[in-house]
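What follows is each chain in one-letter form.
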Amino acid sequence: MFAVETKKLIKKYKEKTAVNGINLSINSGEIYALLGVNGAGKTTTIRMLTCLSTPTDGECFVYGKNCRLQADEVKKIVGISPQDTAVAENLTVYENLEFVCGIYGYSNEKTKEFCGRMIKLFSLEEYKKSRAKTLSGGWKRKLSIAMALIGQPKVLFLDEPTLGLDVLARRELWGVIEKLKGETTIVLTTHYMEEAEQLSDRIGIMIDGELKAEGTLQELEKLFVRIAEKEGKR
Amino acid sequence: MNRTFAFSLRNLKELLREPLSYIFCLGFPLVMLVVMTMINDSIPKEAHMTIFRIDNLSGGIAVFGLTFLMLFVCLTVSKDRSGAFLMRLYATPMTSGNFILGYIMPTLLLAVVQMIVTFIVSLIIAQIKGIELGIGGLLLSIVTLVPTVIIFISLGLLFGTLFNDKAAPGICSVIISLASFLGGIWFDVDGVGGALKKICDILPFVHSVKTARLTTALQFNDFFTHFIITIVYAVAITALSIIVFKNKMKADLG
């Protein structure tokens with residue numbers, strides 16, 4: 001069974017087709033990068049896979065559960081860190097984590113255990129009593145990802161996780177994402193080729209709502225060379 | 001229930017950590033109590049105007065304070081909606097019921113605290129001025145004003161759902177002005193009469209103020225008409241805000 005699977009997935013907004021019949025098969029434990037420019041349909045795809053948007057046509061599944069028909073089941077096994085940093089600004093770092101534990105109905109002991117684990121994993125110790133609104137963009141993004149992991153998702157969706165961060169913060173966040181490798185399946189969107197190269201096992205390139213190419217970095221490089229050679233002969 | 005509690009706690013912390021909420025929800029009504037008492041002192045006795053006397057004023061100011069809770073519910077909801085925070089929560093097992101109760105419950109608690117503080121200050125002023133103001137009537141007012149609290153919280157939820165965080169405060173300011181003016185807090189609606197009185201009687205605000213005033217005075221002859229009207233408005237506005245919130249959530253997930 002694939003961790004994530006889409007079959008001819010389509011999303012239309014009135015006249016505009018945001019996602020046009022994409023087929024994805026992502027294996028368990030894999031880091032998969034959806035690469036594309038703004039408006040390519042990456043976020044819309046993630047929204048459908050996290051039940052935040054209903055497909056116009058086609059189907060999408062997370063661990064065999066249909067996102068359209070079994071949304072409640074899917075929501076139990078996915079986590080999302082949205083493009084905009086979605087944290088409660090007036091709550092401290094620890095309270096934000098505690099809050100998400102409450103949403104998942106964790107006991108006091110489990111809450112302490114999970115908050116402690118996330119604070120350690122994301123090196124948030126120094127900031128755990130700081131209000132979220134006082135954090136820099138990079139730390140906020142870390143907190144956002146930590147919050148997404150609280151629900152122990154089988155699949156974690158990271159929408160443009162390093163957008164707007166400086167080079168140092170970006171590299172630091174890459175380190176965190178790499179630490180998660182193998183523990184959970186990660187689907188991330190990005191428009192940085194470098195980021196997709198650094199983090200992912202496989203890359204899917206989206207253009208105008210369509211999945212134009214897909215494969216490992218090496219496979220894509222070979223494909224690009226072939227295309228370049230073909231164009232050169234013309 | 002855990003989810004509702006967790007979300008309520010988060011909303012309570014957000015409200016308590018917003019300095020403006022203290023200024024508007026506690027400071028401003030208390031200042032108005034003092035200022036209006038001072039104005040009352042300046043009104044000649046021959047004018048027979050008792051609207052600003054503390055036994056009349058306390059109920060009106062309690063309702064006036066509640067209008068600001070609407071503003072803060074509205075701001076919390078609209079800010080949550082304009083950022084990606086609600087989006088994140090939509091992707092968790094939280095239901096629309098968890099969201100709605102999570103916004104209502106902490107504000108209800110704050111409303112009770114706000115009314116207690118307003119009535120304590122009113123009692124102090126009454127003591128200083130030698131005016132009779134019973135604790136029993138004030139305590140009962142906290143109960144009879146619950147439908148009014150629900151009206152303002154639901155209006156906050158409704159406007160926060162319909163408008164973004166830039167437009168919402170403006171809309172709420174209009175409602176606050178309308179509620180205090182047409183609610184008869186600052187003038188005697190019955191004494192004015194005509195079309196203005198008819199408009200006031202159609203809206204819930206004057207009934208909220210009269211409910212509060214009649215309860216603090218422990219006068220129950222006309223009380224039930226006004227009280228029942230506030231209950232009917234509370235049920236209707238709450239139902240409307242729930243429908244609008246659920247529809248908006250559905251549209252967001254469309």
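S.K.: Give a detailed account of the overall build of chain A, specifying residues and quantitative values.
M.R.: A tally of helices and strands in chain A yields 8 helices and 10 strands. The globule rule puts the C-alpha radius of gyration for 234 residues at 17 Å, and the 18 Å found for chain A is close to it. Expressed as a percentage of the 234 residues in chain A, the buried residues total 53%. The long-range share in chain A, meaning contacts at least 24 apart out of those at least 6 apart in sequence, stands at 66%.

S.K.: Kindly report on the interface of chain A and chain B, identifying the contributing residues and their values.
M.R.: In this complex, chain A contributes 32 residues to the contact, which on the side of chain B involves 22 residues. It is Leu 52, Phe 99 and Ile 103 of chain A that lose the most area in chain A upon contact with chain B, and together they represent 27% of the buried surface on that side. If you look at where chain A meets chain B, you find 2 salt bridges. Taking the shortest distance from any N to any O, the salt bridge between Lys 13 of chain B and Glu 95 of chain A comes out at 3.6 Å. Scanning the region where chain A abuts chain B turns up 9 residue pairs in polar contact (both at pLDDT 80 or more). Ranked by residues supplied to the side of chain A that touches chain B, first place goes to helix H3 (residues 93-103) of chain A with 5 residues.

S.K.: Quick rundown of the pattern of salt bridges? Include the residues and the values.
M.R.: All chains considered together, the criterion is met by 22 salt bridges over all chains. Note that Lys 142 of chain A and Glu 172 of chain A form a salt bridge whose closest N and O atoms lie 2.6 Å from each other. Residue Lys 142 of chain A is located in helix H5 (residues 137-150), and its partner Glu 172 of chain A is located in helix H6 (residues 167-180); the two are separated by 30 residues in the primary sequence. Salt-bridge contacts for Arg 10 of chain B lead to Asp 80 of chain B; the nearest nitrogen and oxygen are separated by 2.7 Å. Residue Arg 10 of chain B is located in helix H1 (residues 2-16), and its partner Asp 80 of chain B is located in helix H3 (residues 54-82); the two are separated by 70 residues in the primary sequence. Residue classification places Arg 10 of chain B among the buried residues on the basis of a relative accessible area of 4%. Judged by its relative accessible area of 4%, Asp 80 of chain B is buried. Each of Asp 190, Lys 197, Asp 201 and Lys 210 of chain B takes part in a single network of salt bridges with overlapping partners.

S.K.: Describe the side chain of Thr 107 of chain B, and please don't skip the residues or the numbers.
M.R.: Residue and element names in this part refer to chain B. On the secondary structure map, Thr 107 appears in helix H5 (residues 96-129). When its relative accessible area of 2% is taken as the criterion, Thr 107 is described as buried. Not counting chain neighbours up to four residues away, the residues in contact with Thr 107 comprise Leu 15, Leu 69, Val 73 and Ile 153.

S.K.: Explain the environment of Thr 238 of chain B to me, using residue names and the numbers behind them.
M.R.: Residues and elements named next belong to chain B. On the secondary structure map, Thr 238 appears in helix H12 (residues 223-252). Judged by relative accessible area, Thr 238 falls into the buried class, the value being 16%. Spatially, the C-alpha atoms of Thr 238 and Tyr 103 are 12 Å apart, while their sequence positions differ by 135 residues. Beyond its immediate stretch of four places on either side in the chain, Thr 238 contacts Ile 150 and Ser 154. Here Ala 234 takes part through its backbone oxygen, which lies 2.5 Å from a polar atom of the side chain of Thr 238.

S.K.: Talk me through the state of the cysteines; I want residue IDs and the actual numbers.
M.R.: This model, assessed by the stated rule, comprises 0 disulfides over all chains. You can see Cys 60 of chain A has no disulfide; the closest cysteine sulfur is in Cys 67 of chain A, sitting 3.7 Å from it.

S.K.: I'd like a description of the pairing of strand E6 (residues 78-81) of chain A, backed by residues and values.
M.R.: All names here are of chain A. Neither face of E6 is left uncovered, since the one carrying Val 78 and Ile 80 and the one carrying Gly 79 and Ser 81 both have all their residues buried. When E6 meets strand E7 (residues 155-159), the two strands line up parallel, connected through 4 bridges. Each bridged residue has a counterpart across the sheet, and for Ser 81 the counterpart in E7 is Leu 158.

S.K.: Mind laying out the layout of surface pockets, listing which residues take part and the relevant values?
M.R.: Residues and elements named next belong to chain B. Put simply, the largest pocket is a space of about 610 Å³. At the level of secondary structure, the elements contributing two or more residues to the lining of the largest pocket comprise H3, helix H9 (189-192) and helix H11 (205-216). Looking at the lining of the largest pocket residue by residue, the classes come out as 10 nonpolar, 9 polar and 8 charged.

S.K.: Residue-level account of the sheet that holds E7 of chain A, with values.
M.R.: All names here are of chain A. The strand order across the open sheet built from 6 strands is E6-E7-E8-E3-E9-E10, with neighbouring strands paired in mixed fashion. Two strands close off the open sheet at either side, each with one partner strand: E6 and strand E10 (210-215). Averaged over neighbouring strand pairs, the angle between their axes works out to 20° when direction is ignored. Two elements, E7 and strand E8 (residues 185-190), share 5 bridges in a ladder whose sense is parallel.

S.K.: Could you give an account of the sheet that holds strand E1 (residues 4-13) of chain A, with specific residues and numbers?
M.R.: Residue and element names in this part refer to chain A. Strands sit in the order E2-E1-E4-E5 across an open sheet of 4 strands; the sheet is antiparallel. Of all strands in the sheet, those bounded by a partner on one side alone are strand E2 (16-26) and strand E5 (65-66). Bridge count between strand E4 (residues 57-62) and E5: 2 bridges; the pairing is antiparallel. Along E5, the bridge assignment pairs Val 62 with Lys 65. Each of E1, E2 and E4 touches helix H1 (residues 42-49); the most contacted strand, E1, lies at about 115° to it.

S.K.: Can you explain empty space enclosed by the protein? Please cite residues and give values.
M.R.: According to the stated counting rule, one finds 2 cavities of 30 Å³ or more in the structure shown. Empty space within the largest cavity amounts to approximately 100 Å³. Looking at the lining of the largest cavity, the elements that each hand over two or more residues are E6 and H5 of chain A together with helix H4 (85-90) of chain B. The element that contributes the greatest number of residues to the lining of the largest cavity is E6 of chain A, accounting for 3 residues. Looking at the lining of the largest cavity, its residues break down into 8 nonpolar, 2 polar and 1 charged. Here the second largest cavity is characterised by a volume of approximately 40 Å³. For the lining of the second largest cavity, the secondary structure elements donating two or more residues are H1, H3 and H5 of chain B. Split into classes, the residues belonging to the lining of the second largest cavity amount to 5 nonpolar, 3 polar and no charged.

Calculation rules
- Residues numbered from 1 in each chain as written.
- Chains lettered and ligands numbered in written order.
- Predicted model: local features only at pLDDT ≥ 70, side-chain atom pairs only at ≥ 80, totals over all residues.
- Heavy atoms only, no water.
- Helix = DSSP H or I, 4+ residues; strand = E, 2+ residues; numbered from the N terminus.
- Rg over C-alpha atoms; globule rule 2.2 N^0.38 Å.
- Buried < 20%, exposed > 50% of the residue type's maximum accessible area, 1.4 Å probe, protein only.
- Contact = heavy atoms within 4.5 Å.
- Buried area = accessible area lost by both parts, 1.4 Å probe.
- Salt bridge = Lys/Arg side-chain N within 4 Å of Asp/Glu carboxyl O.
- Polar contact = N/O pair within 3.5 Å; in protein donor to acceptor, adjacent residues only side chain to side chain.
- Disulfide = S-S within 2.5 Å.
- Pairing = 2+ DSSP bridges.
- 1 Å grid on protein atoms, 1.4 Å probe; cavity = no way out; pocket = protein on both sides within 12 Å on 5 of 7 lines; lining within 4 Å.
- Points joined across faces, edges and corners; volume = space filled by probe spheres on them.
- Nonpolar A, V, L, I, M, F, W, Y, C, P; charged D, E, K, R; others polar.
- Axes fitted to C-alpha atoms, helices over the stretch in contact; angles between N-to-C directions.

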